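Close look at the chain arrangement
If you want the building blocks of each chain, they are given just below.
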Amino acid sequence: MAKILTGVALALSCAAATAAPTIADCDGPFATVLQAGAMPAAEARAYWLDRQLIQWPAADTTGTFKLYHSATAQLRATVGQRVTGEDGAMLLSPSNTPAPAALAQRFKFIGKGPLLAVAPGDAARIPALLTGQLLLVREAPDGTVLDATTAQLPGALDDLYASAAKAPDLGVTVRAKAAGFKLWAPTAQSVAVCTYASGSSTATALTTMRRDDASGIWSAELPGQHAGKYYQYLVDVVAPTAGLVRNLVTDPYSVSLTTDSKRSYIADLGAASLKPAGWDRTPIPKRVATQPDMAIYELHVRDFSINDATVSAANRGKYTAFTETGSNGMRHLQALSKAGMTDIHLLPVYDIATVPEQGCKSTLAEIAALPDLRPDGLAQQAAITAVKFTDCYNWGYDPYHYSAPEGSYATDAADGAKRIVEFRRMVQALHKIGLRVGMDVVYNHTFIAGQNQQSVLDRVVPGYYHRLDAKGAIERSTCCDNTATEHAMMAKLMIDSAELWAVQYKIDSFRFDLMGHQPRAAMEQLQARVNQATGRHINLIGEGWNFGEVADGARFVQASQLSLNGTGIGTFSDRARDAMRGGGAADGSAQIASRQGWINGLVYDANASAAPRTREDLMDAADMVKVGLAGSLRGFTLQTRQGERKRLEDMVYGGNQPAGYASEPGETVNYVENHDNQTLFDINVFKLPLGTTTAERAQVQILGAAINAFSQGVPYFHAGFDILRSKSLDRNSFESGDWFNRLDWTYRDNYFGTGLPREEDNGKDYALMRPLLARAADIKPTPQDIAWTRDAFRDLLAIRASSTLFRLRTAKDVEHRLRFYNTGAQQVPTVIVGHLDGAGYPGAHFKAITYVINADKVAQQVAVNAEQGRRYRLHPVHLGAGAADRRIAVCATYDTATGSFSVPARSAVVFVEE
């Protein structure tokens, strides 16, 4: 015991001996090694369950277990030798009782192994020891190492510092005569805050921060006026890969920054100087009473205006482009709003790591000036690849600071105030034309971690914010460094961030990227918080995909398709999407063309590469489209093509999933295209027969839009869907530059055939792409096709907006009021007939609605005995003078004597009874 006590004294003295930071460090490198680690980073195969229990999966139980510690990371452990470099060691005892049920549940994924307990007398020492290097060692009787590992920290930190999760003011709080700074860094040995007069000047002050031992929060109060200035933290902490380091790091709770996120900005977001004129008085559109009322247009800030010559040059690609209300782009959005679109969802607009915020390059003019550009050429992508890391384009799924606006979309990234004000001006401009504003948020990963310069969270609390595998490496199933929102302070960061956007920027809804990697409980807490903070319901939707290390509830109950039912949180449904498009999102060359879908020719219009398919296959696809039209609801009953009546949850999708998974219609987001994968126009280039006319391609596009518009739940459309958007077959345009991502609000071009897309994601399909792109003149739509699609899309929005029957509020409403005709084994498989009963339903406006969707390339007639003797007429939108699809008014009929509906080829027709 004497050795252990001596070790503690040594640990404290070593920490005290570390040179205190000076103001010069505030302008120094982003990281300084104060004491290099004595050994490479050890695997982290053990887990702290709480402050007293450590479990070591798969470890041998023989030998003695000790926890060695060193404040300066000097431990070295080699099998067969004694540990060196220790300040001391703590004996751990095998626990005689299993872990408490809550801990066992939280750590159910780690596997069996010795459960080790810290002696009660040593428990008070753990917080101090966690600020240094710790090594768990299994020793032989002679004291030599049999095995050694580090232990993953989150269980201990969540237990020790649970009160931190209730802290209301992490980050900077600006007061009249002072500014308060708070940073959660429980494993840090010291923290100081550097302040700067500007984003580029040298530091003006260095202030040592005080540690609150109960919460692990460091704080400092700086007297004086600090709003408009900048700051960073100096955090002395043991990093597993480096040793004891001094990290110069921005604030995880930054609300704004200077250029390229070098320094955090001090701001009171409630200050009048940070609000555009009329900000507090501009009302939020009240168009969404319940979630199914939403109709969403997914839009990238730069895509919106970079190619719009009617926007002033200084504002193109910027937040401020939305303030130019007379531009072609804003006129387009105004028309969508008038037709019935309710929400703009912006691809990531928080601070991202992958676009230079100053001096980035746009290649639009450069590529356009290249000689001999061929539709199937390589010159276009070569120009983009040459500036891949310095151009102005990225989708933005590379989070840097979650709660600060991205600087590349501001007119001056160096001024921390600009991006705040201009972001608000964008929201205000959209609200003024009746469009609510949603944000695509990516709390499931960070761009990078560890000691990398653009790592923030992991340089403040190493090993805490990210989800680790069984050896302590960061999981990367989401593409990047996965965060762990099952840990209390990562969940808090996510929830606090969402609250900030909803309150301070009037954000109306959120789309969560890879939401299935987050706990359902955290999402429910977030929903409650944002609703309470704003006094209104904030709509939440997200990707509920089930994969990776969390799949099938391996670590927690996920916020995934099958686990979210009953929460009111929406997830994207792939059921009708795949049935409409054909195949799946990950199809390779062998399947892209051969696997046609219900709207693009399966069986009835086979292309040259089509695999042999049967009428039964076509009917199966039609049934899955009906699943989507019914909102993918668990309890809805459908007569399948076999003639059976089944609840949708008893139908099979994808081989092993229930077709119906949602409890309420608002929990389903319906889509046929979004930023991921090929656009619908592009996938149809692969799947439709080559001889399909450009007008017919436009009709197929509108079939996809109609199914989305008529489906119960939330319809979601990718910007440009309504103008036949093409990315020249690019399946992943996240860094394909403006060239492959641009939009044409003059409606002259959809940009099909503008070159072979980037080889990284498309090269394996070049043999398939080249001949199609070479035939661009035969495939590319005319301006007339684009205008027709634009107007037909708006007609669909108007039809959806005309009646709540397309937006039924509850599952019971859908079950009682929606029925499908033309089902079973004798159906016409290219036709879907849906009937909506409007009797007594608020907002229905019609006694009944029957819609007929004909995917076939020929006109069809379907007789429905149950619809005999009705008084149907075409929906008023179809009969309007400006209706886009004039075929419907001329050719679509209903015969009351027989209950027969006749509709044109490739059309979606709505009949109403008043």
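1. A word on the confidence of the model for the chain
Confidence along the chain averages 96 in pLDDT terms, with 98% of residues attaining 70 or more. Predicted confidence for residues 1-17 stays below pLDDT 50, and this span has 23 contacts to residues more than four positions away or in other chains.

2. Focus on the side chain of Glu 543
Positionally, Glu 543 belongs in the loop between β27 (539-542) and β28 (570-573). Engagement of the side chain of Glu 543 in a polar contact is seen with the backbone nitrogen of Leu 514, the distance being 3.0 Å. Once residues lying within four places of it in the same chain are set aside, the contact partners of Glu 543 are Arg 511, Phe 512, Asp 513, Leu 514, Met 515, Gly 516, Phe 572 and Asp 676.

3. Remarks on the environment of Leu 370
In this fold, Leu 370 is placed in the loop between α7 (364-368) and α8 (379-386). Residue classification places Leu 370 among the partly exposed residues on the basis of a relative accessible area of 29%. The spatial distance from the C-alpha of Leu 370 to the C-alpha of Ala 123 is 70 Å, given a sequence separation of 247 residues.

4. Structural notes on the environment of Arg 645
Mapped onto the secondary structure, Arg 645 falls in strand β30 (residues 645-647). The spatial distance from the C-alpha of Arg 645 to the C-alpha of Gly 824 is 9.1 Å, given a sequence separation of 179 residues. Setting aside residues up to four positions removed in sequence, Arg 645 forms contacts with Thr 637, Leu 638 and Gln 639.

5. Regarding the sheet that holds strand β3 (residues 53-55)
Spatially, the 8 strands line up as an open sheet ordered β8-β7-β4-β5-β6-β3-β2-β9, and their pairing is mixed. A strand with exactly one partner marks an edge of an open sheet, and here the two such strands are β8 (145-149) and β9 (151-152). One ladder, built from 4 bridges, connects strand β7 (residues 133-139) with β8; its direction is antiparallel. Residue Arg 138 lies in a different strand from β8, and its bridge partner there is Asp 147.

6. Description of the packing of aromatic side chains
The way to describe two aromatic rings as a pair is by their centre distance and the angle between their planes. Counting across every chain of the model gives 37 aromatic pairs. Between Phe 710 and Tyr 851 the ring centres are 5.1 Å apart and the planes differ by 35°, which places this aromatic pair in the tilted class. Within this pair, whereas Phe 710 is found in helix α17 (residues 694-710), its partner Tyr 851 is found in strand β37 (residues 848-854), the two being separated by 141 residues in sequence. Through successive ring pairs, a cluster of aromatic residues spans Tyr 319, Tyr 409, Phe 423, Trp 501 and Tyr 505. Over the ring of Tyr 751 we find Arg 742, and its NZ or CZ is 3.9 Å from the ring centre.

7. Things to note about unusual backbone geometry
One non-glycine residue, Ala 58, adopts positive backbone phi at about 65°. Tracing the backbone through its elements, the reader meets Ala 58 in the loop between β3 and β4 (64-70). In this structure Ala 58 comes out as exposed when scored by relative accessible area, which is 75%. Phi angles above zero are rare outside glycine, and Leu 724 is one such case at about 60°.

8. Quick word on the state of the cysteines
Summed over all chains, the structure comprises 2 disulfides. Covalent S-S linkage joins Cys 26 and Cys 194, the inter-sulfur distance amounting to 2.1 Å. Classification of the bridge connecting Cys 26 and Cys 194 rests on its S-S torsion, roughly -75°, and on that basis the disulfide is left-handed. You can see Cys 26 sitting in the loop between α1 (2-17) and β1 (31-36) and its partner Cys 194 sitting in strand β12 (residues 190-196), a full 168 residues away along the chain. Each member of the pair, Cys 26 as well as Cys 194, carries the same accessibility label: buried. Cys 360 shares a disulfide with Cys 392; S-S distance 2.0 Å. Taking the sign of the S-S torsion, about 100° here, the bridge from Cys 360 to Cys 392 comes out right-handed.

9. Some points on helix α6 (residues 328-339)
Its 12 residues place the ends of α6 17 Å apart at the C-alpha level, agreeing with the 16 Å of an ideal helix rising 1.5 Å per residue. Taken together, the buried positions of α6 are Gly 329, Met 330, His 332, Leu 333, Leu 336, Ser 337 and Ala 339. Buried residues belonging to α6 abut β19 (296-299), α5 (301-305), β20 (343-346), α9 (416-432) and α22 (783-801). Gly 340 occupies a position one or two residues after α6 and carries a positive phi of about 140°.

10. What to know about the packing of helix α16 (residues 680-687) against α17
Between α16 and α17, the least distance of the axes is 10 Å, while the angle of their chain directions is 125°. By the angle between their axes, α16 is oblique relative to α17. Between α16 and α17 lies a crossing of right-handed hand. Each of Leu 680, Phe 681, Asn 684 and Val 685 in α16 lies in contact with α17, whose residues at this interface are Arg 697, Val 700, Gln 701 and Gly 704. Here the contact of α16 with α17 is composed, by residue class, of 4 nonpolar, 3 polar and 1 charged.

11. Observations regarding the nonpolar core
Ranked by size, the top nonpolar core spans 221 residues in total, and within it Trp 48, Phe 322, Leu 333, Phe 510, Trp 598 and Phe 710 carry the most contacts. Ranked by residue count, the leading element in this core is helix α11 (residues 488-504), at 10 residues. The next biggest cluster of nonpolar side chains, apart from the first, holds 16 residues, and it includes Tyr 821, Val 831, Tyr 872 and Val 909.

12. Regarding the environment of Tyr 716
On the secondary structure map, Tyr 716 appears in strand β34 (residues 714-718). With 197 residues separating them in the primary sequence, Tyr 716 and Glu 913 have C-alpha atoms 28 Å apart. Only 3.3 Å separates the side chain of Tyr 716 from the side chain of Glu 298, close enough to count as a polar contact.

13. With respect to helix α15 (residues 615-629)
Given a rise of 1.5 Å per residue, 15 residues ought to cover 21 Å, and the 21 Å separating the end C-alpha atoms of α15 matches this to within 8%. Counting buried positions over the 15 residues of α15 gives 11, a clear majority of the element. Turning to α15, its buried residues number three or more, namely Leu 618, Met 619, Ala 621, Ala 622, Asp 623, Met 624, Val 625, Lys 626, Val 627, Gly 628 and Leu 629. A positive phi of about 75° marks Gly 631, the residue just after α15.

14. Quick look at the packing of α6 against α22
Contact geometry of α6 with α22 gives a least axis separation of 8 Å together with a crossing angle of 35°. Residues His 332, Ala 335, Leu 336 and Ala 339 of α6 touch α22, and the partners they reach there are Arg 790, Phe 793, Arg 794, Leu 797, Ala 798 and Ala 801. Among the residues making up the contact of α6 with α22, the classes are represented as 7 nonpolar, 1 polar and 2 charged.

15. Re the sheet that holds strand β39 (residues 873-874)
The strand order across the open sheet built from 5 strands is β35-β36-β37-β42-β39, with neighbouring strands paired in antiparallel fashion. At either margin of the open sheet sits one strand with a lone partner, and together these are β35 (818-821) and β39. Bridge analysis of strand β36 (residues 831-837) against β37 gives 7 bridges, and the strand direction is antiparallel. Its bridge partner lying in β37, His 835 is registered against Thr 850. Along the sheet face, α15 touches β35, β36 and β37 and points at about 25° away from the line of β36.

16. Looking at the pairing of strand β10 (residues 171-174)
Relative to strand β11 (residues 178-184), β10 runs antiparallel, the two being bridged by 4 bridges. What sits directly across from Val 172, in β11, is Phe 181. In textbook terms, the turn of a hairpin is the stretch between consecutive antiparallel strands, and for β10 and β11 this stretch comprises 3 residues.

Calculation notes
Residues numbered from 1 in each chain as written. Predicted model: local features only at pLDDT ≥ 70, side-chain atom pairs only at ≥ 80, totals over all residues. Heavy atoms only, no water. pLDDT = per-residue confidence, 0-100. Contact = heavy atoms within 4.5 Å. Helix = DSSP H or I, 4+ residues; strand = E, 2+ residues; numbered from the N terminus. Polar contact = N/O pair within 3.5 Å; in protein donor to acceptor, adjacent residues only side chain to side chain. Buried < 20%, exposed > 50% of the residue type's maximum accessible area, 1.4 Å probe, protein only. Pairing = 2+ DSSP bridges. Phe/Tyr/Trp six-rings, centres within 6.5 Å; stacked < 30°, edge-to-face > 60°. Lys NZ or Arg CZ within 6 Å of the ring centre and 35° of its normal. Disulfide = S-S within 2.5 Å. Expected span 1.5 Å × (residues − 1). Axes fitted to C-alpha atoms, helices over the stretch in contact; angles between N-to-C directions. Parallel < 35°, antiparallel > 145°, perpendicular 65-115°, else oblique. Left-handed = near helix turned anticlockwise from the far one by under 90°. Nonpolar A, V, L, I, M, F, W, Y, C, P; charged D, E, K, R; others polar. Core = buried A, V, L, I, M, F, W, Y, C linked by side-chain atoms within 4.5 Å.

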